[in-house]
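# Structural features, examined
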Amino acid sequence: MAELLSLEEAVGRLVHDGDTVALEGFTHLIPVAAGQEIIRQRRRDLTLVRMTPDIVYDQLIGAGCARKLIFSWGGNPGVGSLHRFRDAVQHDWPVPLEIEEHSHAGMANRYVAGASGLPFAVLRGYTGTDLPAQTATIKPITCPFTGEKLTAVPALNPDVTIVHAQRADRSGNVQMWGITGVQKEAVLAAKRSLVTVEEVVDELEPRPGAVVLPAWVVTAVAEVPGGAKPSYAAGYYERDNAAYQAWDEVGRDREEFTKWLNELTGVKA
Amino acid sequence: MSAEYTADEMMSVAAARALGDGMSCFVGIGLPSKAANLARRAHAPNLTLIYESGCLGAKPSRLPLSIGDGELADTADAVISVPEVFNYWLQPGRIDVGFLGAAQLDKFGNINTTVIGSDYHDPKVRLPGAGGAPEIAASCGEVFIVLRQNPRAFVEKVDFVTSFGHGTGKGDREKLGLPGRGPTLVVTDLGLLRPDPETAELTLTELHPGVDLDRATAATGWKLKVAGDLKTTPAPTEQELTVLRDLEKASA
């Protein structure tokens, strides 16, 4: 059964140095507050997993929390590049960042395999591209029935997956709706999971089309209103596009970023 | 007397015109999304827009900044999971057109959005990466590409093949068993390019009004081939410009 914890306690208990950590949320419901709590608690040597590393991963990478990134698209959606990610890859700042690069289809299928308890997934993907030559976790496989050449990618099984949802009840059953991306698969694939929610309610009202994660597959729930900002939570608040645009200026410059980081962690410059 | 318009407006209008009513289109963010939404409003009300965030049949009233804006989900016929988009909808070849952008494009329509520079591990510029594009380029019935034309973007050979176009020439897609026809149209701010039926090399088939051939040649990093019957793109109509500008105003 999921435990209801504060964000600080949940991250402290569930996320350890050296862990493989996935924060998922496809534009919508990105667990930004949880990512920033990982920075505050100064976790190190993490292998970060995420289909679309956006500004919260730029922040984690710039803060030096990550040793490796497994991803398929690393940008600031609609704005441009992630400058901390770029600086880490191009100049090893503040620490070197190893990358394991996939396509969205590959990453989605890796989570599906992880959630399914299978060692790998099969897809028709990557054919003709330069990605298999750079990424060891993309291998050819032949269909045993038709002889078709396909691609295999290994399961992703993070030590901990963190997602954000609209609501949970007091037992820790979680409900989310709108664009739900790959969150269900990412939670089911993980050894431990933390769900931050907009609100904890007495009873979850059934909603057509909602994804429900029963309490017995969730390790901890933390109530964090606004925990997805500047991304959005359908039914609660909209995407703060201006904040994404503003991050470009902060992320672009090491000094500006360091100022931002010191403010977040309470360090006096 | 036709209305005044910018080169970017001409590009969006020309890209939109390529999408016919009743088609289904897997839409990339940015220029492709603008063109696809213009098409739906201007001449193709039954164009189905599919965004990789899981929005199937999205009908946004303004242009989304990201592929997962709430507006896309709120107006969609269905919102499905990301594994479902790629596995059930894209992979079996259900989608007519993949509409993509590119950082670098070569003369055989191969796309690079990964790294600039020849060393993957020590790139000159690290770009965002693949996203959904490799499988969109492989599995859609055909692929349209929209980007501004200049010698940095239009290169003889891409530094990294993120998404496969026609490889090194005609027949490469068939050899690899790729299901879709690959890039059939490239729309730029200067004109239109299409693969030569014999060689699959991108060939200039249309220039936008007022653009001379020298400018298109100079903006291309390879020796640009020109179709024997080079045509001029019809200028944007008042209706197309009004719809485009209304869409941009609503999105500001």
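Residues numbered from 1 in each chain as written. Chains lettered and ligands numbered in written order. Predicted model: local features only at pLDDT ≥ 70, side-chain atom pairs only at ≥ 80, totals over all residues.

It is worth spelling out the environment of G169(B) at this point. Residues and elements named next belong to chain B. As for its placement among the helices and strands, G169 is situated in the loop between β11 (154–155) and α6 (172–176). Assessed through the 14 C-beta atoms surrounding it within 10 Å, G169 is described here as partly exposed. Spatially, the C-alpha atom of G169 lies 24 Å from that of I95, the residues being 74 residues apart in sequence. Residues in contact with G169, not counting those within four places in the same chain, are F108, T199 and A200. (Helix = DSSP H or I, 4+ residues; strand = E, 2+ residues; numbered from the N terminus. Buried ≥ 20, exposed ≤ 12 C-beta atoms within 10 Å, placed from the backbone. Contact = placed C-beta atoms within 7 Å.)

This brings us to the packing of helix α5 (residues 104–116) of chain A against helix α4 (residues 82–90) of chain B. In contact at an axis separation of 9 Å, α5(A) and α4(B) are set at 110° when each is read in the N-to-C sense. The angle between α5(A) and α4(B) places the two elements in the roughly perpendicular class. Seen along the crossing, α5(A) lies across α4(B) with a hand that is left-handed. In contact with H104(A), A105(A), A108(A), N109(A) and V112(A) of α5(A), α4(B) contributes V82(B), P83(B) and F86(B). Of the residues assigned to the contact of α5(A) with α4(B), the class counts are six nonpolar, two polar and no charged. (Axes fitted to C-alpha atoms, helices over the stretch in contact; angles between N-to-C directions. Parallel < 35°, antiparallel > 145°, perpendicular 65-115°, else oblique. Left-handed = near helix turned anticlockwise from the far one by under 90°. Nonpolar A, V, L, I, M, F, W, Y, C, P; charged D, E, K, R; others polar.)

Another point: the nonpolar core. The biggest cluster of nonpolar side chains holds 155 residues, and the ones touching the most others in it are V195(A), C25(B), F144(B), I145(B) and V187(B). With seven residues, α5(A) is the single largest residue contributor to this core. Taken domain by domain, the makeup of this core includes at least three residues from each of domain 1 (3–102 + 156–262) and domain 2 (110–154) of chain A. (Core = buried A, V, L, I, M, F, W, Y, C linked by C-beta atoms within 7 Å. Domains from an automatic or database assignment.)

The next subject is helix α4 (residues 83–91) of chain A. A large share of α4(A) lies buried, amounting to seven of its nine residues. Of all the positions in α4(A), only H83(A), R84(A), F85(A), R86(A), D87(A), A88(A) and V89(A) are classed as buried. Residues of α4(A) that are buried in the fold lie against α3 (55–62), β6 (80–81), β7 (98–101), α8 (241–252) and α9 (254–265) of chain A together with β9 (125–126) of chain B. D92(A) lies just past α4(A) and shows a positive phi near 60°.

Moving on, we get to the interface of chain B and chain A. Contact residues are listed per partner, giving 39 residues for chain B and 45 residues for chain A. Of all elements in the fold, only α3 (70–74), α4 and α5 (133–139) of chain B reach the threshold of two or more residues within the side of chain B that touches chain A. It is α5(B) that provides the largest number of residues to the side of chain B that touches chain A, a total of four residues. Of the residues that constitute the side of chain B that touches chain A, the class distribution is 20 nonpolar, 15 polar and four charged.

This part is about the domain arrangement of chain A. Accessible area lost on assembly of the parts is the figure often given for the size of an interface. Residues and elements named next belong to chain A. Taken domain by domain, chain A holds domain 1 (3–102 + 156–262) and domain 2 (110–154). Between domain 1 and domain 2, the C-alpha centre-to-centre distance is 26 Å. Domain 1 puts 10 residues into the contact, and the matching count from domain 2 is 10 residues. Of all the secondary-structure elements, those providing two or more residues to the side of domain 1 that touches domain 2 are β7 and α7 (183–189). For the side of domain 1 that touches domain 2, the element with the highest residue contribution is α7, accounting for four residues.

So, about the confidence of the model for chain B. Mean pLDDT over chain B stands at 96; residues scoring 70 or higher make up 99%. Overall fold confidence (pTM) sits at 0.97, and the ipTM for the predicted complex is 0.96. (pLDDT = per-residue confidence, 0-100.)

On to the sheet that holds strand β10 (residues 142–146) of chain B. Residue and element names in this part refer to chain B. Strands sit in the order β4-β3-β2-β1-β5-β10-β12-β13-β14-β15 across an open sheet of 10 strands; the sheet is mixed. At either margin of the open sheet sits one strand with a lone partner, and together these are β4 (78–79) and β15 (225–232). Bridge analysis of strand β1 (residues 24–27) against strand β5 (residues 97–100) gives three bridges, and the strand direction is parallel. By the bridge assignment for β5, F26 is matched with G98. (Pairing = 2+ DSSP bridges.)

Turning next to unusual backbone geometry. Peptide bonds are trans in most cases, and residues, glycine excluded, mostly fall at negative phi. That bond from W93(A) to P94(A) is cis: its omega, 0°, falls within 30 degrees of zero. Between K229(A) and P230(A) the backbone carries a cis peptide bond, its omega angle lying at 10°. Relative to the assigned elements, P230(A) resides in the loop between β15 (220–223) and α8. The backbone of A200(B) sits at a positive phi, close to 70°, despite the residue not being glycine. Looking at the secondary structure, you find A200(B) in the loop between β13 (191–195) and β14 (202–207).

Next up on the list: the sheet that holds strand β9 (residues 139–142) of chain A. All names here are of chain A. Read from one edge of the open sheet, three strands run β8-β10-β9, paired in antiparallel fashion. Strands at the two margins of the open sheet, each flanked by one partner only, are β8 (120–123) and β9. Here the average twist between neighbouring strands, direction ignored, is 40°. By the bridge criterion, four bridges tie β8 to strand β10 (residues 149–154) in an arrangement that is antiparallel. Paired with V122 across the bridge in β10 is A152.

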